[in-house]
Amino acid sequence: MSLNPIRPWRNIYRRKSRQIMVGNVPVGGDAPISVQTMTNTLTTDARATIAQVQAVAEAGADIVRVSVPDEDSAKALKEIVRESPVPIVADIHFHYKRGIEAAEAGAACLRINPGNIGDEKRVAEVIRAARDHNCSIRIGVNAGSLERHLLDKYGEPCPDAMVESGLDHIKILQDHDFHEFKISVKASDVFMAAAAYQQLAEATDAPIHLGITEAGGLTSGTIKSSIGMGNLLWMGIGDTIRVSLSADPVEEVKVGYEILKSLGLRHRGVNIISCPSCARQGFDVIKTVEALEKRLEHIKTPMSLSIIGCVVNGPGEALMTDVGFTGGGSGAGTGMVYVAGKQDHKLGDYDMVDHIVELVEKRAAEIDAAESDA
């Protein structure tokens, strides 16, 4: 992110890492932190998988991972890659030949799990296929599938074991003169994952893929991911992220962007600042925000909208947003609309959602036009 000399307490100093390419998406270095998700359709159902890839891409996914568990999935991957608007990562487990087939099918990246991909000879064949077909590789270490010798050494999954696994496989790739790789050390335990990532960040300059694996459902998984990844991102660790939820992949993308937006690391769409509501509210804040979130999903322009129920904090918040609405002013059922931080006009709450949507769309168009002219 760009440094803020006026508010230095908002600065995040990102860890310096090498940059690799996942298709046409740069990962690491000074590239924006990319957001990933994973399809949950049967890969052999190419049309359903393509539809889901397109849906998550529309939601903002930069990269999408697709499981390749068998030969038929590898064959379907070729069509999926051809129709995808974003780079496709092939998720490879247990059988190294699926990695070779995925590279041949056009995958932009191969995700291999050191704990189950096989011995160094098999990994070397995957590396050769990746090099021949211009694929990058993600070394995906997972606390739930560590190598047996590491479990025997450490007694249980732990940060040291996870990092040792990752570094061992980095060495294999480097020994084969392959350097287009990123790495992750995921765990469902937030403490274990955070400790492993901090240790990994000091041990390598490879781009880091962040994630709290098997985080849970939409609510609990969002909280765990926000705590784990949020703290690491705040420390400057992380070049690409995936929020792992037992939910629609589109929700993973939304949560990922909200985490990055809250830290000022990525900006996409409308950032709604709203109060929790109380007895002072001049309109139904909760229902209004729910409606606006749905109605404004199509806006991709980075901008801010404040929806505050009363005049305690409303005017102050509105001063710092592109569009704002504050309830509780003089006259029942009316509030003040702010545009670019200034009072603009009063508005009744009976038609406020439609009117605010129009204002946001107009303001987004103005922002886009100004950026285009610049």
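Residues numbered from 1 in each chain as written. Predicted model: local features only at pLDDT ≥ 70, side-chain atom pairs only at ≥ 80, totals over all residues. Heavy atoms only, no water.

In this section: the sheet that holds strand β13 (residues 323–327). One open sheet holds the 5 strands; their spatial order is β11-β12-β13-β14-β15, and the pairing between them is mixed. A single partner strand is all that each edge strand has here, and the edge strands are β11 (270–274) and β15 (342–348). Going across the sheet, the axis of each strand differs from the next one's by a mean of 20°, ignoring polarity. One ladder, built from 5 bridges, connects β11 with strand β12 (residues 303–308); its direction is parallel. Among the inter-strand pairings, N271 is bridged to a residue of β12, identified as S304. Lying over the sheet, helix α12 (residues 352–373) contacts β11, β12, β13, β14 (334–339) and β15, oriented at roughly 155° with respect to β12. (Pairing = 2+ DSSP bridges. Helix = DSSP H or I, 4+ residues; strand = E, 2+ residues; numbered from the N terminus. Axes fitted to C-alpha atoms, helices over the stretch in contact; angles between N-to-C directions. Contact = heavy atoms within 4.5 Å.)

Most of helix α3 (residues 96–105) sits out of view: 8 of its 10 residues are buried. Among the residues of α3, those classed as buried are Y96, R98, G99, I100, E101, A102, A103 and A105. On its buried face, α3 sits against α2 (71–83), β5 (88–92), β6 (109–112) and α4 (120–132). Remark: G106 follows α3 within two positions and exhibits a positive phi of approximately 105°. (Buried < 20%, exposed > 50% of the residue type's maximum accessible area, 1.4 Å probe, protein only.)

Volume-wise, the largest pocket comes out at about 1200 Å³. As for the largest pocket, its lining consists of 36 residues, of which R10, K261, L263, G264 and H267 are closest to the centre. Elements represented by at least two residues in the lining of the largest pocket include exactly α8 (218–234), α9 (249–262), β11 and β12. Looking at the lining of the largest pocket, the element that brings in the most residues is α9, giving 3 residues. Split by residue class, the lining of the largest pocket holds 15 nonpolar, 12 polar and 9 charged. In this structure, the second largest pocket occupies an estimated 700 Å³ of space. Of all elements in the fold, only α1 (46–59), α9, β11 and α10 (285–295) reach the threshold of two or more residues within the lining of the second largest pocket. (1 Å grid on protein atoms, 1.4 Å probe; cavity = no way out; pocket = protein on both sides within 12 Å on 5 of 7 lines; lining within 4 Å. Points joined across faces, edges and corners; volume = space filled by probe spheres on them. Nonpolar A, V, L, I, M, F, W, Y, C, P; charged D, E, K, R; others polar.)

Counting residues in each nonpolar core, the largest one holds 82 residues, and the members touching the most others are L77, L110, I137, M162, L210 and L233. Here this core takes 7 residues from helix α7 (residues 190–203), the largest share from any one element. The residues touching L77, leaving out its near neighbours within four places in the chain, are V66, V68, I88, A90, A102, A105 and A107. Listed in part, the 23 residues of the second largest apolar core include V270, I272, F283 and V289. (Core = buried A, V, L, I, M, F, W, Y, C linked by side-chain atoms within 4.5 Å.)

On the basis of which strands lie adjacent, the open sheet formed by 8 strands has the order β8-β7-β6-β5-β4-β3-β10-β9 and parallel pairing. Of all the strands in the sheet, the pair left with one neighbour each is β8 (181–186) and β9 (209–210). Two elements, strand β3 (residues 34–38) and strand β4 (residues 63–67), share 3 bridges in a ladder whose sense is parallel. For M38, the partnering residue across the bridge sits in β4 and is R65. With respect to the sheet, α7 is in contact with β8 and β9, its orientation differing from that of β8 by roughly 150°.

Spacing of three or four residues puts side chains on the same side of an α-helix, whose turn is 3.6 residues. With 14 residues, α9 should reach 20 Å at 1.5 Å per residue; the first-to-last C-alpha distance of 20 Å fits that figure. Most of α9 sits out of view: 10 of its 14 residues are buried. Along α9, the residues classified as buried are P249, V250, E252, V253, V255, G256, Y257, I259, L260 and K261. Of the surrounding elements, those touching the buried residues of α9 are β3, α1, α8, β10 (240–242) and β11. Its side-chain oxygen at 2.9 Å from the backbone nitrogen of V250, D248 defines the N-terminal cap of α9. Looking at the residues trailing α9, positive phi occurs at G264, about 70°. (Expected span 1.5 Å × (residues − 1). Polar contact = N/O pair within 3.5 Å; in protein donor to acceptor, adjacent residues only side chain to side chain.)

Bringing the packing of α2 against α3 into the picture now. Between α2 and α3, the shortest axis-to-axis distance is 8 Å and the interhelical angle comes to 20°. One finds that α2 runs roughly parallel with respect to α3. Between α2 and α3 the crossing geometry is right-handed. Residues E71, A74, L77, K78 and V81 of α2 pack against R98, E101, A102 and A105 of α3. (Parallel < 35°, antiparallel > 145°, perpendicular 65-115°, else oblique. Left-handed = near helix turned anticlockwise from the far one by under 90°.)

What follows is about a negative patch on the surface. A cluster of like negative charges, contributed by D349, D351, E358 and E361, occupies part of the molecular surface. Mapped onto the elements of the fold, D351 is located in the loop between β15 and α12. (Patch = residues over 30% accessible without salt bridge, like charges linked within 9 Å, V, L, I, M, F, W, Y side chains within 5 Å. Areas by Shrake-Rupley, 256 points an atom, 1.4 Å probe, with all protein chains shown as cover. Salt bridge = Lys/Arg side-chain N within 4 Å of Asp/Glu carboxyl O. Lys, Arg positive; Asp, Glu negative; His and termini not counted. Charge placed at Lys NZ, Arg CZ, Asp CG, Glu CD.)

Looking now at the side chain of T213. In this fold, T213 is placed in the loop between β9 and α8. If sequence neighbours within four positions are ignored, T213 has contacts with N142, K186, A187, S188 and S244.

The tally for this structure, following the rule as stated, stands at 0 disulfides. Summary of cysteine pairing: C135 is not part of a disulfide, and the nearest cysteine sulfur, belonging to C109, is at 7.4 Å. Note on C135: relative accessible area 4%, which makes it buried. (Disulfide = S-S within 2.5 Å.)

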